[in-house]
Amino acid sequence: QVQVVESGGGLVQPGGSLRLSCAASGDIVSINNMGWWRQAPGSQRELVADITGGGSTNYGDSVQGRFTISKGDAGNSVYLQMNSLKPEDTAVYYCHAFVLRSSWSEDDYWGQGTQVTVSS
């Protein structure tokens with residue numbers, strides 16, 4: 001079993017900042033990719049940012065230059081620094097991990113989501 005747990009969401013004013021954290025634990029041999037996705041009401045889930053085990057990053061167009069993804073030294077945690085937040089960033093943010101388990105199978109795992117609300 002693999003658990004993915006997010007933290008750090010909340011309410012922030014436009015122009016403010018938030019930092020999200022995510023940690024994966026359990027039956028993990030390695031994590032090839034971790035990232036953040038978000039889903040606003042009535043919209044599809046979209047990629048915010050992800051990072052490979054080697055440290056390569058990828059960002060959604062709408063957050064490029066404002067958000068920064070990073071990973072912990074152990075490779076099983078990921079962080080999202082969100083600056084210059086806009087009302088349109090309001091969504092539930094989900095952490096995703098693509099995990100190689102001891103059975104040598106690779107699977108996708110998701111956290112439960114954390115709400116980010118940008119409003120004055």
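Residues numbered from 1 in each chain as written. Predicted model: local features only at pLDDT ≥ 70, side-chain atom pairs only at ≥ 80, totals over all residues. Heavy atoms only, no water.

Brief notes about the overall build of the protein chain
Consideration 1: Along the protein chain, the regular secondary structure elements total 0 helices and 11 strands.
Consideration 2: Listing the helices and strands of the protein chain from first to last along the sequence gives β-β-β-β-β-β-β-β-β-β-β.
Consideration 3: Against the 2.2 N^0.38 benchmark of 14 Å for 120 residues, the protein chain shows a C-alpha radius of gyration of 14 Å, consistent with a compact globule.
Consideration 4: Expressed along its principal axes, the backbone C-alpha trace of the protein chain runs to roughly 50 × 25 × 20 Å. (Helix = DSSP H or I, 4+ residues; strand = E, 2+ residues; numbered from the N terminus. Rg over C-alpha atoms; globule rule 2.2 N^0.38 Å.)

Quick word on unusual backbone geometry
Consideration 1: Backbone geometry at S84 places phi at a positive 50°, although glycine is not the residue there.
Consideration 2: Judged by relative accessible area, S84 falls into the partly exposed class, the value being 42%.
Consideration 3: At W104, a residue that is not glycine, the phi angle is positive and equals roughly 65°.
Consideration 4: Along the chain, W104 falls in the loop between β9 (91-100) and β10 (106-110). (Buried < 20%, exposed > 50% of the residue type's maximum accessible area, 1.4 Å probe, protein only.)

Brief notes about the nonpolar core
Consideration 1: Ranked by internal contacts, the top residues of the largest apolar core, which has 29 residues, are W36, L80, M82 and Y93.
Consideration 2: Counting only elements with at least two residues in this core, the list comes to β1 (2-7), β3 (18-26), β4 (30-39), β5 (46-52), β7 (67-71), β8 (77-82), β9 and β11 (114-118).
Consideration 3: The element that contributes the greatest number of residues to this core is β9, accounting for 5 residues.
Consideration 4: When near neighbours in sequence (up to four residues on either side) are disregarded, Y93 contacts E6, L20, W36, W37, R38, V48, F67, L80, M82, G113, T114 and V116. (Core = buried A, V, L, I, M, F, W, Y, C linked by side-chain atoms within 4.5 Å. Contact = heavy atoms within 4.5 Å.)

Quick word on the environment of C95
Consideration 1: Mapped onto the elements, C95 comes out in strand β9.
Consideration 2: Between the alpha carbons of C95 and L20 there is a distance of 9.3 Å; along the sequence they are 75 residues apart.

Comments concerning the pairing of β10
Consideration 1: Of the strand pairs in this sheet, β9 and β10 are connected by 5 bridges, and their pairing is antiparallel. When the bridges of β10 are listed, A97 appears paired with Y109.
Consideration 2: Hairpin geometry of β9 and β10 is characterised by an intervening segment of 5 residues between the two adjacent antiparallel strands and by a positive phi of about 65° at W104. (Pairing = 2+ DSSP bridges.)

Brief notes about the sheet that holds β8
The strands that make up a sheet pair up through hydrogen bonds in the backbone, lying either parallel or antiparallel.
Consideration 1: Ordered by their spatial adjacency, 4 strands build an open sheet running β1-β3-β8-β7, and the pairing between neighbours is antiparallel. The sheet is open, and its two edges are formed by β1 and β7, each paired on a single side. For this sheet the average axis-to-axis angle between neighbouring strands, irrespective of direction, equals 15°.
Consideration 2: Sheet topology places β7 next to β8; 5 bridges connect them, and they run antiparallel. Counted as the bridge partner of F67 is M82 from β8. (Axes fitted to C-alpha atoms, helices over the stretch in contact; angles between N-to-C directions.)

Side note on the state of the cysteines
The bond known as a disulfide is covalent and runs between the sulfur atoms of two cysteines.
Consideration 1: In the structure shown here, the tally under the stated rule is 1 disulfide.
Consideration 2: The disulfide that involves C22 links it to C95, with 2.0 Å between the sulfurs. Its S-S torsion of approximately -85° makes the covalent link between C22 and C95 left-handed. Here C22, found in strand β3, pairs with C95, found in strand β9; they are 73 residues apart in sequence, far enough to count as distant.
Consideration 3: You can call C22 buried: its relative accessible area is 2%. (Disulfide = S-S within 2.5 Å.)

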